[in-house]
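A closer look at the structure
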Amino acid sequence: MNALTLAGLSGAALIGMGLYGFITNAHLLRKIVAFNVIGGGVFLLFGAVAHRGAASGMSADPVPQALVITGIVVAFSATALAVALLLRYFKETGTPFLSDNCETSGSRSDVERS
Amino acid sequence: MNVPFGFDASLAVLTLAVAGYAIAVRESFAAVIAFISYGLLLALVWVRLSAVDVALTEGAIGGGVTGALLISAAAKVGNGVADVSRPLGRVGKFFIAFLCAVITIGIAVAFLSLPESAPTLAPLAAEHLPSTGLGNPVTAVLLSYRAIDTLLESVVLVFAVVGVWTFASDHHWGGAPESPGRDRPEEPLVFLGQILPPLGILIGVHLVWTGATEPGGAFQGGTILAAAWILTMVAGLTKPPSIGGRWLRFALVGGPALFLGIGVAGFVIAKAFLAYPEGYAKAFILVIEAGVTVSIAVALGLLALGPPGRRLP
């Protein structure tokens, strides 16, 4: 058991924990947080799997590292989009939860304006 | 690096505990704070995997800017009152936990049963490193071998900003995002807002410049510049810009446009898209990085600010 194995197993555990939070938390912001926990786990698992190829003279394989850096930036972009969607939803309905009986009779902000 | 196993084990336990807290805690604000700690702990794990470039990115973007974004969102939406028309019973939660555990165990078994020797492109990356004039192989992958990925990534950030702006109400279009701080920020915050941004600018530019030979680069440096900008706005020292501003939009798309322009020029000067002429690779890469850094900083700042919410007077 070394740092590498430990990182891979942590990644697997983080994916499971994040998935649980993503399904069971009804609060939409909590779902976004849980989704990012999954993301961190996936990156870590990928990094640990790819690190096994680092034996050839370098401290770590640069190609998967570049992939993960790209992944983190894209994950942030997606999170920012999700948060903007959540805030707009919150402005319209006044609740951070998805509801079955979502009223569709005009948004609150439109009413405020008139 | 000679680090006792106990350090790695406690780091792993701490990371999992903080992640678990972020999932399980009741208040969404506490969950976001735990998530930020989670990002910083993950950065430490990346250092232990000798991936310092990734660690810097995870700490700055995964923990820092994502944290700033989530904190302001948590402050706006609060905890809310759950719609309990269809609560998830104890049996249901247990069932879901069981399935998630099965997934974790499956991934762990797959990870442990991988063969010893892995395919790798590291020797190839090391072999051609001198031709790029760079010393950091990760920067070489990002801006030379796989430059197209990075070009598209910088475009993704612009698209994300466009996507966020589309959530603006019609009558706010062309205005500015709401100020992320309070109307009357506390004095310590103003003090930090004055003292930290110069340091942030210095560190950000340093990370971009040093990224050619040491860990660092446009994304890490740009994120720190964005953080310095956000801090001045939280402290009320600067106001969020109007989204219709010409300079703002130019700064936003300038980096990717420059990158694309040099890429197309590659057809003429180096016989291929995104190829650099021999001997001048490093100069071209530094010019691209400088432009992309500005655009990344502006894009990250705008993403953290959200859609326009007020009209400028």
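Residues numbered from 1 in each chain as written. Chains lettered and ligands numbered in written order. Predicted model: local features only at pLDDT ≥ 70, side-chain atom pairs only at ≥ 80, totals over all residues.

A few points about the overall build of chain B
Inclusion rule: Per the convention used, a helix needs a DSSP run of H or I reaching at least four residues, while a strand needs a run of E reaching at least two, with both numbered from the N terminus. In this scheme the burial state of a residue depends on its C-beta neighbours within 10 Å: 20 or more other such atoms mean buried, 12 or fewer mean exposed, and anything in between means partly exposed; the C-beta positions come from the backbone.
The helix and strand inventory of chain B stands at 12 helices and 2 strands. Along chain B, helices (α) and strands (β) appear in the sequence α-α-α-α-α-α-α-α-β-α-α-α-α-β when read from the amino end. For chain B, the spread of C-alpha atoms along the three principal axes comes to 65 × 65 × 35 Å. Within the span of chain B, comprising 313 residues, buried residues form 44% of the whole.

What about the overall build of chain A?
We apply this condition: Contact between two residues is assigned when their C-beta atoms, built from the backbone, lie within 7 Å.
Check the secondary structure of chain A and you find 4 helices and 0 strands. N-terminal to C-terminal, the α/β element order of chain A is α-α-α-α. Relative to its 114 residues, chain A shows a buried fraction of 55%. For chain A, contacts bridging at least 24 residues in sequence account for 51% of all contacts bridging at least 6.

Description of the interface of chain B and chain A
Note the cut-off: Residues are grouped as follows: Ala, Val, Leu, Ile, Met, Phe, Trp, Tyr, Cys and Pro are nonpolar; Asp, Glu, Lys and Arg are charged; all remaining types, including Gly, are polar.
Tallying the contact residues gives 78 residues for chain B and 71 residues for chain A. Mapped onto the side of chain B that touches chain A, the elements with two or more residues apiece are helix H1 (5-24), helix H2 (28-48), helix H3 (52-77), helix H4 (90-112), helix H5 (122-127), helix H7 (137-145) and helix H8 (147-165) of chain B. The element that contributes the greatest number of residues to the side of chain B that touches chain A is H3(B), accounting for 14 residues. Looking at the side of chain B that touches chain A, its residues break down into 53 nonpolar, 15 polar and 10 charged.

Comments concerning H4(B)
Worth spelling out the cut-off: By this rule, a helix spans an expected 1.5 Å times one less than how many residues it contains.
Look at H4(B): 32 Å from first C-alpha to last across 23 residues, which is about the 33 Å you get at 1.5 Å a residue. Those residues of H4(B) not exposed but buried are B:Cys100, B:Thr104, B:Ile107 and B:Ala108.

Looking at unusual backbone geometry
Residue and element names in this part refer to chain B. In this structure, lysine 271 takes a positive phi of about 70 degrees despite not being glycine. Within the secondary structure, lysine 271 is located in the loop between helix H11 (246-269) and helix H12 (281-305). Positive phi outside glycine occurs at leucine 274, with the angle close to 65 degrees.

A few points about the domain arrangement of chain B
Residues and elements named next belong to chain B. Quick note on the threshold: Throughout the structure description, domain borders are defined by an automatic or database domain assignment.
Partitioning chain B into structural domains gives domain 1 (1-78) and domain 2 (123-313). Relative to domain 2, the C-alpha centre of domain 1 lies at a distance of 23 Å. Between domain 1 and domain 2, the contact holds 11 residues from the first and 14 residues from the second. By residue class, the composition of the side of domain 1 that touches domain 2 is 7 nonpolar, 3 polar and 1 charged.

As for the confidence of the model for chain B
Interpretation of the predicted coordinates at a detailed level should be avoided for regions scoring low in pLDDT. The test is simple: By definition, pLDDT measures how confident the predictor is in each residue, and it falls between 0 and 100.
Per-residue pLDDT for chain B averages 89, and the proportion of residues at 70 or more is 96%. We note a pTM of 0.90 for the whole complex and an ipTM of 0.90 for its interfaces.

Examining the environment of B:Ser179
Residue and element names in this part refer to chain B. Within the fold, serine 179 resides in the loop between strand E1 (176-177) and helix H9 (187-210). Classification of serine 179 by C-beta neighbours within 10 Å gives partly exposed; the count is 17. Apart from the residues lying within four places of it in its own chain, the contact partners of serine 179 are Met233, Gly236, Lys239 and Pro240.

A word on the packing of helix H1 (residues 3-24) of chain A against helix H2 (residues 28-51) of chain A
All names here are of chain A. Rules: Helix axes are fitted only over the stretch in contact, all axes being lines through C-alpha atoms; the angle between N-to-C directions runs from 0 to 180 degrees. Angular relationships are summarised with four words: roughly parallel below 35 degrees, roughly antiparallel beyond 145, roughly perpendicular across 65 to 115, and oblique for the angles in between. Here a crossing is taken to be left-handed if its near helix is turned anticlockwise relative to the far helix by less than a right angle, and right-handed if that turn runs clockwise.
Relative orientation of the contacting elements H1 and H2 amounts to 160 degrees, with a least axis distance of 7 Å. Here H1 is positioned roughly antiparallel relative to H2, judged by the angle of their axes. In this structure, H1 crosses over H2, and the sense of that crossing is left-handed. Here the residues of the contact of H1 with H2 are counted per class, giving 17 nonpolar, 9 polar and 2 charged.

Re the packing of H8(B) against H12(B)
Residues and elements named next belong to chain B. At a minimum axis distance of 10 Å, the contact between H8 and H12 shows a crossing angle of 30 degrees. The angle between H8 and H12 places the two elements in the roughly parallel class. In this structure, the crossing between H8 and H12 has a hand that is left-handed. In this structure, H8 uses Ser154, Leu157, Val158, Ala160, Val161 and Val164 to contact H12, whose residues at the interface are Val292, Ser295, Ile296, Ala299, Leu302 and Leu303. Its residues assigned to classes, the contact of H8 with H12 comprises 10 nonpolar, 2 polar and no charged.

Digging into H8(B)
Look at H8(B): 28 Å from first C-alpha to last across 19 residues, which is about the 27 Å you get at 1.5 Å a residue. Listed in full, the buried residues belonging to H8(B) are B:Ala147, B:Thr150, B:Leu151, B:Glu153, B:Ser154, B:Leu157, B:Val158, B:Ala160, B:Val161 and B:Val164. Residues of H8(B) that are buried sit in contact with helix H3 (62-93) of chain A together with H7, H11 and H12 of chain B.

A closer look at the environment of B:Thr293
All names here are of chain B. Among the secondary structure elements, threonine 293 is positioned in helix H12. Here threonine 293 falls in the buried class, since 27 other C-beta atoms lie within 10 Å of it. Measuring from C-alpha to C-alpha, the distance between threonine 293 and proline 130 comes to 24 Å, with 163 residues separating the pair along the chain. The residues contacting threonine 293, other than those within four sequence positions of it, are Val208, Ala218, Gly221, Gly222 and Leu225.

What to know about the environment of B:Val45
Tracing the backbone shows B:Val45 in helix H2. Separated by 131 residues in the primary sequence, B:Val45 and B:Ala176 have C-alpha atoms spaced 39 Å apart. Ignoring sequence-local partners within four residues, the contact set of B:Val45 consists of A:Ala7, A:Leu44, B:Leu11 and B:Thr15.

Quick word on the nonpolar core
We apply this condition: A set of buried residues qualifies as a nonpolar core if it consists of Ala, Val, Leu, Ile, Met, Phe, Trp, Tyr and Cys joined through C-beta atoms within 7 Å.
Ranked by internal contacts, the top residues of the largest apolar core, which has 122 residues, are A:Val33, A:Val37, B:Ala22, B:Val65 and B:Ala299. At 14 residues, the largest contribution of residues to this core is made by H3(A). Built from parts of two domains, this core gets at least three residues from each of domain 1 (1-78) and domain 2 (123-313) of chain B. With sequence-adjacent residues up to four places away left out, B:Ala22 is seen in contact with A:Val33, A:Val37, B:Ala31, B:Ala34, B:Phe35 and B:Tyr38.

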